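Listed below, chain by chain, are the residues.
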Amino acid sequence: MGSIWFFGFVAFILGRTFYAGLRSKDLFYREPKRYGEQGRQLCEDRIAGYIVTTVTVSLTWPLSLPLIGLFALGQKLNKKEV
């Protein structure tokens, strides 16, 4: 059982890292807010939130992945009604 959990842990970390690499501009950058900033700025708060979410879900993946799937299914069904 421990090896299955560890495999899921590693697979989830690798998957989230790959996804972060593909969508880094959308996930981690923000529009300039302060005077003198030009271009998109790296947002440390978004990076920290992504790391915390990834570690939390990867440690609890046997419970959290079915819940995330149900949440995503609910969002998909909600979009079809509108």
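Higher on the page you've got the structure.
Remember, predicted model here, so these are calculated numbers, not experimental data.

## Structural notes on the overall build of the protein chain
Along the protein chain, the regular secondary structure elements total four helices and two strands. In sequence order, the protein chain lays out its α and β elements as α-α-β-β-α-α. Against the compact-globule benchmark of 12 Å for 82 residues, the protein chain has a radius of gyration of 17 Å, which places it well outside the compact range. Principal-axis analysis of the C-alpha atoms places the extent of the protein chain at approximately 55 × 40 × 20 Å. Summed over all atoms, the accessible surface of the protein chain reaches about 6800 Å², with 67% contributed by carbon and sulfur. Averaged over its 11 positive side-chain charges, the protein chain has a centre that lies 6 Å from the centre of its 6 negative ones.

## Focus on the packing of helix α1 (residues 2–22) against helix α3 (residues 44–59)
Look at α1 against α3: their axes get within 9 Å of each other, and the N-to-C directions meet at 155°. The angle between the axes of α1 and α3 places the two elements in the roughly antiparallel class. The two elements α1 and α3 meet at a crossing, and its hand is right-handed. Together, Trp5, Phe9, Phe12, Ile13, Arg16, Tyr19 and Ala20 of α1 and Tyr50, Thr53, Thr54, Val57, Ser58 and Leu59 of α3 make up the contact between the two elements. Residue classes in the contact of α1 with α3 are distributed as nine nonpolar, three polar and one charged.

## Re the pattern of salt bridges
In total, this model carries two salt bridges according to the counting rule given. Where Arg23 meets Asp26, a salt bridge forms, and the shortest distance between an N and an O atom there is 3.0 Å. When its relative accessible area of 37% is taken as the criterion, Arg23 is described as partly exposed. A relative accessible area of 51% means that Asp26 is categorised as exposed.

## A word on the environment of Tyr29
The topology assignment puts Tyr29 in strand β1 (residues 29–30). Other than its neighbours up to four places away in sequence, Tyr29 contacts Ser24, Arg40, Gln41, Leu42, Cys43 and Arg46.

Reading the values: the criteria
Residues numbered from 1 in each chain as written. Predicted model: local features only at pLDDT ≥ 70, side-chain atom pairs only at ≥ 80, totals over all residues. Heavy atoms only, no water. Helix = DSSP H or I, 4+ residues; strand = E, 2+ residues; numbered from the N terminus. Rg over C-alpha atoms; globule rule 2.2 N^0.38 Å. Areas by Shrake-Rupley, 256 points an atom, 1.4 Å probe, with all protein chains shown as cover. Lys, Arg positive; Asp, Glu negative; His and termini not counted. Charge placed at Lys NZ, Arg CZ, Asp CG, Glu CD. Axes fitted to C-alpha atoms, helices over the stretch in contact; angles between N-to-C directions. Parallel < 35°, antiparallel > 145°, perpendicular 65-115°, else oblique. Left-handed = near helix turned anticlockwise from the far one by under 90°. Contact = heavy atoms within 4.5 Å. Nonpolar A, V, L, I, M, F, W, Y, C, P; charged D, E, K, R; others polar. Salt bridge = Lys/Arg side-chain N within 4 Å of Asp/Glu carboxyl O. Buried < 20%, exposed > 50% of the residue type's maximum accessible area, 1.4 Å probe, protein only.

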